[in-house]
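Listed below, chain by chain, are the residues.
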Amino acid sequence: MVGPHPEFIPPARPIIGEAEIEAAVRVLRSGRVVQGPEVAAFEEEFGDLVAGRHCVAVNSGTSALQLTLMALGFGPGDEVIVPSFSFAASGNAVRLVGAEPVFVDIEPGSFCVDPEAIAAAITPKTVGIMPVHLYGHPAAMDRIMEIAQQHGLAVVEDAAQAHGAELNGTPVGAFGTAGCFSFYPTKNMHSLEGGMITTADAELARTLRLLRNQGMEQRYANEIVGANMRMTDVAAAIGRVQLTQLADWTEQRRANAKFLDSAITGMVTPPVADGAKHVYHQYTVRVRGDRDAAQARLTELGIGNAVYYPTPIHRLKPYLTQDGTPGPWDLPETERAAAEVVSLPVHPSLTQPELERIAEGANLAGGAR
């Protein structure tokens, strides 16, 4: 049996340093471990990343999406426009509040939702748009916001993979009605687990704070029906440490991507739209030939790789029609991307020799048949 490559380069290396450990221990020793001063400080500090918006910390990125849709009052009979080329959480959050996701296609370049597909999908039932800043590339928010304003629709940015990404100088999470971030361990920054909601609307922020904490601001003075989706102070303390390093990590990711762009010729490197600051949560290429063979070759060469996402949301079991078919969706760019993409390591802890191995391996694998 063939064992793992002795110099395997993992697709991601979650960073947990001494500073994160010390922060967690400090909070544990304090006895204030849930929804305390660390959470409040993290919310305030994260605001600097999103143009000073109100920030509400929760226990995951999926919770951020679900609570936001709840706070906006979305429910049965409502439709939310969502790209199908995304992680299932984008669609799940819509279904969890009783609304229905309407799946639309992506742009061929950025892998993000196509604004004109959004415009074509609006019906009298449409209440919101959920653009996904996929792989760390900002969606075309200028056009999306224009469409939303024309039709009076809420915009909930799924920014789970895009901490620090920008479009024409405006950070993601600062365009829409709300923005939702994830702090899962493999994200560009993490809190072990957690999420953040950003909004310019103070009343919406207050509703979100109620919803995450059983509907109460003061203990036992429940104002609305809420949930338990609080962030722990241990998570917030780790997130605060990570946030101080995010800018440096982002620039390293971008530098790594720039090198890979220049060195990879055997696969189609990821494009970047004009005015976009891509933060490369994933470095996602397109394979021109046999993707399975290319992945097998990459793995044989000790280069971690993964497909995000092999099955578009509209083809997942929970979203099929009663007869087991994907429904009425015509999403050719989504289907093409799902069949061609592979993500290569781009994380900030890569060494130059590792980057050179990744590029060489991608060029070799790009010719695999």
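Everything numeric in this text was worked out from a predicted model, so none of it was measured.

### What about the sheet that holds strand E10 (residues 276–277)?
Phase 1 of the analysis: Spatially, the 3 strands line up as an open sheet ordered E7-E6-E10, and their pairing is antiparallel. Both outer strands of the open sheet, strand E7 (170–171) and E10, are each paired with one neighbouring strand and no more.
Phase 2 of the analysis: As defined by bridge partners, strand E6 (residues 166–167) adjoins E10 across 2 bridges and the pair is classed as antiparallel. Pairing of Leu-167 across the sheet is with Ala-276, part of E10.

### Considerations on the packing of aromatic side chains
Phase 1 of the analysis: By the definition in use, this model includes 13 aromatic pairs.
Phase 2 of the analysis: Measuring from centroid to centroid gives 5.1 Å for Phe-46 and Phe-181, while their planes differ by 75 degrees, and the two rings are edge-to-face. Separated by 135 residues along the polypeptide, Phe-46 in helix H2 (residues 37–46) and Phe-181 in strand E8 (residues 178–182) bring together distant segments of the chain.
Phase 3 of the analysis: Of the residues examined, Phe-46 reaches a relative accessible area of 0% and is grouped as buried.
Phase 4 of the analysis: Judged by centre distance (5.6 Å) and plane angle (80 degrees), the rings of Phe-46 and Phe-183 are edge-to-face. Here Phe-46, found in helix H2, pairs with Phe-183, found in the loop between E8 and strand E9 (195–199); they are 137 residues apart in sequence, far enough to count as distant.
Phase 5 of the analysis: Residue classification places Phe-183 among the buried positions, given a relative accessible area of 0%.

Rules used in this analysis
- Residues numbered from 1 in each chain as written.
- Predicted model: local features only at pLDDT ≥ 70, side-chain atom pairs only at ≥ 80, totals over all residues.
- Heavy atoms only, no water.
- Pairing = 2+ DSSP bridges.
- Helix = DSSP H or I, 4+ residues; strand = E, 2+ residues; numbered from the N terminus.
- Phe/Tyr/Trp six-rings, centres within 6.5 Å; stacked < 30°, edge-to-face > 60°.
- Buried < 20%, exposed > 50% of the residue type's maximum accessible area, 1.4 Å probe, protein only.

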